[in-house]
Amino acid sequence: MSITRPRGVNDLLPETTAKWREVEALLHLMAEEYGFGEIRTPIFEQTMLFARGVGETTDIVQKEMYTFNDRSDRSLTLRPENTAAVCRAYLENKLYGQAANHKLYYLGPMFRYERPQAGRFRQFHQFGLEILGTKSPLADAEIIAFACDFFRRIGVDDLKVHLNSVGCPNCRSAYRSLLQDFLQPNLDALCGDCQNRYERNPLRILDCKKEACALHYQGAPKISDHLCAECAEHFEQVQQLLAAAGLKYVLDTGLVRGLDYYTKTAFEIRSEAIGAQSALCGGGRYDGLMAEIGDKDIPGIGYAMGIERVFQVLAAVNQDIEIDNHPDAYIISIDQPEAQKSAFALANDLRKAGLKTELNFEAKSIKAQLKAANNAKAAWAIIIAENELAYGKATLKNMANSEQLELPFGEIRAFLFGA
Ligand code: AMP
């Protein structure tokens, strides 16, 4: 039996990777424009990092991690997200000692054992930003502005920015009890997951997509009505900054992250166009995270965007990434050692000069090779047959208008540059 790829993962083939590289190049460029530096952390980390940094009570940690013991019996986990790892690296490399704050970005694969479905994979790719070391609402607004700017630049504008504030441990403890009191009469009607969340992480119940649960949290008290003065002020400033930059958003009290180290701003950008898995990216502030995974109390904010989702939304709105990887020259030769030597030497000459050059490997008729050049959308076909060999020349065919000319081998490179 032939071996197939594991469930929930993808092979990215050349036509796709060419488009991915365009999107990745834009992200690298934008990150540089906005003043972010790239960070590359390992694909696997100590399991403890994610248990603490993502949260023991989250679905990711409870059900979705690829965790294994290495040969020395250390528990390691393929990273399910990258914020915890970036913070770990920031603390471990003492970046906080080098500047008041740091703006970092990453791009790479993440791994979650989720039920595969449209837009949900077990290996997927995220681009993300983190701003570490500042509590300023400007940082929150800058992250959201970047996320919106990216979609604008790739031509996707049918989007909604959902915005909320989840407060801080101070405002949340009173709110938690209010929410529990509100949910208590219908506790038995909530799904099993939400019943577990009730004690440990009741805010997450507001995020449950199951209809039965949604029915019972409608009308629940809103965290945004119970923010302490500092959190309310921060939330107000973020909104004013977004408005000043002309960025539209909707307030969404259902957007919650229940853990203590998530603080203040939470946001998600969604597109109706892609249906059920409508989140293109999400992020927020995590002022308590670094104290949880390290020994420094340093604030941070970030967001992560799925690259697969980017392509899903592009397809949904009928946008495509244009790729120009067509050969400048496609060299065709007869099946004869002298002709092949000349073809190979010419290909090397053109490639050294930076021209995209294809060489036909198969002994097919000239006609069949011309068809291949046409299929490859080559600009020029260069034909080396008996006649050409005899006179030390090649025939160049302009594939756009079929005009032909003959040139000595030594003049082809200069001609193609001028063409
Ligand atoms: P999260 O880290 O769960 O906040 O997810 C951030 C973004 O990553 C989401 O908005 C999606 O774009 C993407 N994402 C998360 N999980 C998956 C997955 N299993 N497959 C594909 N994309 C994902």
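Our subject in this report is the structure included herewith. None of the values given here were measured: they were computed from a predicted structure. (Residues numbered from 1 in each chain as written. Predicted model: local features only at pLDDT ≥ 70, side-chain atom pairs only at ≥ 80, totals over all residues. Heavy atoms only, no water.)

Moving on, we get to the sheet that holds strand β4 (residues 75-78). Within a sheet, neighbouring strands are paired by backbone hydrogen bonds and run either parallel or antiparallel to one another. If you trace the three strands from one edge of the open sheet to the other, you get β2-β4-β3, paired in antiparallel fashion. At either margin of the open sheet sits one strand with a lone partner, and together these are β2 (44-46) and β3 (67-69). Across the sheet, the mean angle from the axis of one strand to that of its neighbour is 35°, orientation sign disregarded. Strand direction decides the pairing type here: β2 and β4, joined by three bridges, are antiparallel. Bridging across to β4, Q46 finds its partner in L76. (Pairing = 2+ DSSP bridges. Helix = DSSP H or I, 4+ residues; strand = E, 2+ residues; numbered from the N terminus. Axes fitted to C-alpha atoms, helices over the stretch in contact; angles between N-to-C directions.)

Once that is clear, we can look at the packing of helix α1 (residues 14-33) against helix α11 (residues 307-316). Two elements in contact, α1 and α11, have axes whose closest approach is 11 Å; the angle formed by their N-to-C orientations is 110°. In this view, α1 runs roughly perpendicular relative to α11, as classed from their interaxial angle. In the packing of α1 onto α11, the handedness of the crossing is right-handed. Facing K19, W20, V23 and L27 of α1, the residues of α11 in contact are I307, E308 and F311. Considering only residue class, the contact of α1 with α11 consists of five nonpolar, no polar and two charged. (Parallel < 35°, antiparallel > 145°, perpendicular 65-115°, else oblique. Left-handed = near helix turned anticlockwise from the far one by under 90°. Contact = heavy atoms within 4.5 Å. Nonpolar A, V, L, I, M, F, W, Y, C, P; charged D, E, K, R; others polar.)

The immediate surroundings of the ligand are formed by 13 residues, with R112, E114, F121, Q126 and L280 found nearest. Here a nitrogen atom of the ligand and a backbone polar atom of F121 are 2.9 Å apart. Measuring from an oxygen atom of the ligand, one finds a backbone N or O atom of C281 at 3.4 Å. Computed on the free molecule, the ligand has an accessible area of 490 Å², of which 86% lies beneath the protein chains in the complex. The set of elements that each furnish at least two residues to the shell around the ligand consists of β6 (123-132), β10 (279-285) and β11 (300-306). Element by element, the count of residues in the shell around the ligand is highest for β10, at three residues. Looking at side-chain class alone, the shell around the ligand contains six nonpolar, three polar and four charged residues. (Near = heavy atom within 4 Å. Polar contact = N/O pair within 3.5 Å; in protein donor to acceptor, adjacent residues only side chain to side chain. Areas by Shrake-Rupley, 256 points an atom, 1.4 Å probe, with all protein chains shown as cover.)

Residue placement: T77 occurs in strand β4. Accessibility expressed as a relative area gives 0% for T77, which makes it buried. Contacts of T77, omitting those with residues within four sequence positions, involve I43, F44, E45, T47, F50, M65, Y66 and T67. (Buried < 20%, exposed > 50% of the residue type's maximum accessible area, 1.4 Å probe, protein only.)

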